[in-house]
Amino acid sequence: YRHQPDVVCIAFPCDPWCSWQRINMTHADRAARIQATRKAHRRLIKFVADVVAWQIARGCSFLLENPVASEAWQLPELKSILSKFFVWSSDMWLC
């Protein structure tokens, strides 16, 4: 890669994964739309996980931002990489 950053900061979209979507998923007409959006966003989540793995492999740092209650943190792509390594987390209420 041409760029070799010491720190990468990523704030990926939270709207498909936020806690409000749990409520919206109880409505059949909204659930299909939410599932389709989540499926489309999984590609981005995979990219985020790849960037994190790349940073870790190089001994560099990363910062990911998403709400504490975001279901994205439970996705296998993020959960597996974040649980394998010594990763600090902090809860901040920004939104």
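Up top is the structure.
Note that the coordinates shown come from a computational prediction; the quantities given were computed from them, not determined experimentally.

Basis of the calculations
Residues numbered from 1 in each chain as written. Predicted model: local features only at pLDDT ≥ 70, side-chain atom pairs only at ≥ 80, totals over all residues. Heavy atoms only, no water. Phe/Tyr/Trp six-rings, centres within 6.5 Å; stacked < 30°, edge-to-face > 60°. Helix = DSSP H or I, 4+ residues; strand = E, 2+ residues; numbered from the N terminus. Lys NZ or Arg CZ within 6 Å of the ring centre and 35° of its normal. Salt bridge = Lys/Arg side-chain N within 4 Å of Asp/Glu carboxyl O. Buried < 20%, exposed > 50% of the residue type's maximum accessible area, 1.4 Å probe, protein only.

(A) Layout of the packing of aromatic side chains. As enumerated under the stated definition, the model contains one aromatic pair in all. With centroids separated by 5.8 Å and ring planes inclined at 70 degrees, the aromatic side chains of Phe 12 and Trp 73 adopt a geometry described as edge-to-face. Placement of the pair is Phe 12 in the loop between strand 1 (7–11) and helix 1 (19–24) and Trp 73 in the loop between strand 2 (61–65) and helix 3 (76–84), with a sequence separation of 61 residues. Above the plane of the ring of Trp 54 lies Arg 58, whose end atom (NZ or CZ) is 3.9 Å from the centre.

(B) Expanded view of the pattern of salt bridges. One pass over the full model with this rule turns up four salt bridges. The salt bridge involving Glu 71 is made with Arg 22; its shortest N-O contact spans 2.7 Å. In this pair, Glu 71 sits in the loop between strand 2 and helix 3 while Arg 22 sits in helix 1, placing the two residues 49 residues apart along the sequence. The exposure class assigned to Glu 71 is partly exposed, which follows from its relative accessible area of 23%. Among the ionic pairs, Lys 46 bridges to Asp 50, the shortest N-O distance being 2.8 Å. You can see Lys 46 and its partner Asp 50 sitting in helix 2 (residues 28–57), four residues apart, about one turn around the helix. Among the residues examined, Lys 46 registers a relative accessible area of 43% and is labelled partly exposed.

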